Amino acid sequence: MVIKTEIGFTTRDRIYVRGRDLADEILGKMDFIDMIYFTATGSKPDDRTRAMTNAIIVTATDHGLTPSAIAARMTILGAPESLQGAVAAGLLGAGNHFLGTMQNAATFTRDEIGELSDSDDEAAYLARAEEVVRTYRAARRIVPGLGHPIHVEGDPRTPVLRRIAGENGFDGRHWRFIAAVETAAQREYGRLLPINAAGAVGATVSDMGLDPVWARAFALIGRSAGLLGHLMEEIANPQGQKIWDMILAQDDSAELAGLRDPAHTDKHGDRK
């Protein structure tokens, strides 16, 4: 039985990735975006793909105390020796509500665009979008890539991502489709549901010709860097303990209200 991978192998004095010597042919010659594609596909990206991918990864890096950042901070509070565990804890929450939404939006644009082509006019795109939105509403399904709980008047990242996509030739039929979906949704629901960053990335990834899973991959790569930033700050200026203190304060309030027997905790506030 032979177990092998096409990605790389190691000898006593050499390391090879996709057939190239890591020390002599890759180090100092490829940047990180190059290496992402080269490792996964065996080919380096062109300049347009490199620029677009860089923008997507930067977009996903951070936007505050999100659940993933809180999970990472709480993990390092309990295990200060485990930087890797804290990053992993944050990434484990990259599902269909956070971060993974980029993949959902990419899948949506790819699967729901139907037979629309570059030669179709805006009326055709809008007609298809209206059909899709009505179907989603009837099924009580959320339309991927639209709406934001904070940026209700428009996600500030979206127009910038579309501009960069246009500059690099990735503002194609999937972008036209998600824009039509935004218009159709506003008509259907009677309020603006702006294209969010997930929708922008999803449409871009589809116009790049990549499988939707790449959208989640880019999100994970970017968020790893963001989580490391949060953890560096957590070490210097802990916030996780403040979150835990808030919970303990609630427990104390419950105890004072007679809702919990104080004998069931030790002096540190841990339940016995």
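**Q** Got a minute to help me understand unusual backbone geometry in this structure?
**A** It is generally the case that most residues other than glycine have a negative phi and that most peptide bonds are trans. You will see that R18, though not glycine, has its phi angle at about 50°, which is positive. Checked against the element boundaries, R18 lands in the loop between β2 (15-17) and β3 (20-21). We note that R140 has phi near 55°; this positive angle belongs to a residue other than glycine. Within the secondary structure layout, R140 lies in the loop between α7 (122-138) and α8 (157-167).

**Q** Please explain the layout of surface pockets as it appears in this structure.
**A** Gaps between atoms show up when a probe of the same size as a water molecule is rolled over them. Roughly 1,000 Å³ of volume is contained in the largest pocket. Elements that contribute at least two residues to the lining of the largest pocket include exactly α3 (47-60), α4 (67-78), α6 (101-112) and α10 (197-207). Here the lining of the largest pocket takes three residues from α6, the largest share from any one element. Within the lining of the largest pocket, the residues separate by chemical class into 16 nonpolar, 13 polar and five charged.

**Q** Explanation requested: α4 in the structure shown.
**A** Counting along an α-helix, one turn takes 3.6 residues, and residues three or four places apart therefore face a common direction. Compared with an ideal rise of 1.5 Å per residue, which puts 12 residues at 16 Å, α4 spans 17 Å between its outermost C-alpha atoms and is within 8% of the ideal. Those residues of α4 that fall on the buried side of the exposure criterion are S68, A69, A72, R73 and I76. Angular distribution of buried residues about the axis of α4 spans 135°; they occupy a single face of the element. In this structure, the buried side of α4 is in contact with α5 (83-92) and α11 (213-236).

What counts, and where the lines are drawn
- Residues numbered from 1 in each chain as written.
- Predicted model: local features only at pLDDT ≥ 70, side-chain atom pairs only at ≥ 80, totals over all residues.
- Heavy atoms only, no water.
- Helix = DSSP H or I, 4+ residues; strand = E, 2+ residues; numbered from the N terminus.
- 1 Å grid on protein atoms, 1.4 Å probe; cavity = no way out; pocket = protein on both sides within 12 Å on 5 of 7 lines; lining within 4 Å.
- Points joined across faces, edges and corners; volume = space filled by probe spheres on them.
- Nonpolar A, V, L, I, M, F, W, Y, C, P; charged D, E, K, R; others polar.
- Expected span 1.5 Å × (residues − 1).
- Buried < 20%, exposed > 50% of the residue type's maximum accessible area, 1.4 Å probe, protein only.
- Arc of directions from axis to C-beta.
- Contact = heavy atoms within 4.5 Å.

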